[in-house]
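Inside the fold
Single-letter residue listing:
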Amino acid sequence: MSQDRTTAVYAAERQLSTGDQLSDDDVRVVHVQLDDLADRYLSAADPLPAEGHLLRAVLEGELIPRTALGESDPEGRQPVTVNVEQELARAVQVGRRVDVWAATAESPTDEAAVERLVTDAEVIDIRETASAFGSQSAVTVELLIEVPELPDLLAAEGSAAVLSVLPAGTQQP
């Protein structure tokens, strides 16, 4: 007679972003042997929490730790969308850290001044849209950024600056 010593817990059905609220479509039940660690993960014996959201990204297939859920971002970051007109580097993915750079020029003939506006922001969503004729596309990247970085980023978005989103730690272009 064999004894089943596994525990039913929730695992991410797909990659989940910081700020997501869990739904049945986001998780699957897996049976794993956790022994004394079972209380660290969301038990499938309980319904998903009705309140709260993810405090960090959870990778596809990852068991969902109880510590990944909470009421607000513990770092006090704010979600902001950034529109970029160029293709993103492959390293820019949901859950990764990025820097946001702005290039501005006084006139089309002047050399652009380049400045890093945001450092180490977390990517929580990426959306690509195409024009009605499909000839021009834009990318919207949703980020969690530190509150002190908001004014410079919002000012750049409201100006003629060209914004670039690059993997965190990139040196000045």
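This text goes with the structure placed above it.
Anyway, here's the lowdown on the structure attached to this text. (Residues numbered from 1 in each chain as written. Predicted model: local features only at pLDDT ≥ 70, side-chain atom pairs only at ≥ 80, totals over all residues. Heavy atoms only, no water.)

**So, the overall build of the protein**
A tally of regular secondary structure across the protein gives one helix and nine strands. Reading the protein from its N end, one meets helices and strands in the order β-β-β-β-β-β-β-β-α-β. Counting all 173 residues of the protein, 34% fall into the buried class. Entry remark: accessible area of the protein is about 10,600 Å², with carbon and sulfur atoms responsible for 48%. (Helix = DSSP H or I, 4+ residues; strand = E, 2+ residues; numbered from the N terminus. Buried < 20%, exposed > 50% of the residue type's maximum accessible area, 1.4 Å probe, protein only. Areas by Shrake-Rupley, 256 points an atom, 1.4 Å probe, with all protein chains shown as cover.)

**A few points about the nonpolar core**
A general trend in soluble globular proteins is that nonpolar side chains are found buried together. Formed by 22 residues in total, the largest nonpolar core has its most connected members in V84, V141, L143, I145, L153, L163 and V165. Listed by contribution, the elements that provide at least two residues to this core are β5 (78-84), β6 (97-104), β7 (113-130), β8 (137-145), α1 (150-157) and β9 (162-167). Membership of the second largest hydrophobic core comes to twelve residues, among which are L42, L48, I64 and L69. (Core = buried A, V, L, I, M, F, W, Y, C linked by side-chain atoms within 4.5 Å.)

**A few points about the pattern of salt bridges**
Applying the stated criterion across every chain yields a total of nine salt bridges. Here R127 and D125 are joined by a salt bridge, their closest N and O atoms 2.4 Å apart. Since its relative accessible area comes to 35%, R127 is described here as partly exposed. Judged by its relative accessible area of 25%, D125 is partly exposed. Because the salt bridges share partners, they merge into one network encompassing D125, R127 and E142. (Salt bridge = Lys/Arg side-chain N within 4 Å of Asp/Glu carboxyl O.)

**Some points on the environment of E75**
Positionally, E75 belongs in the loop between β4 (69-70) and β5. Separated by 69 residues in the primary sequence, E75 and L144 place their C-alpha atoms 9.6 Å from one another. Once residues within four sequence positions are removed from consideration, E75 is found in contact with R97 and E146. (Contact = heavy atoms within 4.5 Å.)

**So, α1**
Among the residues of α1, L150, L153 and A156 are the ones counted as buried. Take α1 and look down its axis: the buried residues cluster within an arc of 135 degrees, on one side only. (Arc of directions from axis to C-beta.)

**Describing unusual backbone geometry**
You will see that D35, though not glycine, has its phi angle at about 50 degrees, which is positive. For D35, a relative accessible area of 48% gives the class partly exposed. Despite not being glycine, D120 shows a phi value in the positive range, around 60 degrees. Looking at where D120 falls in the secondary structure, it is placed in strand β7.

**Regarding the side chain of D26**
Locating D26 in the fold gives a position in the loop between β1 (7-12) and β2 (27-32). Setting aside residues up to four positions removed in sequence, D26 forms contacts with A11, A12, E13, R14, L16 and Q21.

**As for the side chain of T140**
Note on placement: T140 falls in strand β8. Polar contacts involving the side chain of T140 include one to the side chain of N83, which spans 2.9 Å. (Polar contact = N/O pair within 3.5 Å; in protein donor to acceptor, adjacent residues only side chain to side chain.)

Interpretation note: all reported values are geometric properties and have no functional meaning in isolation.
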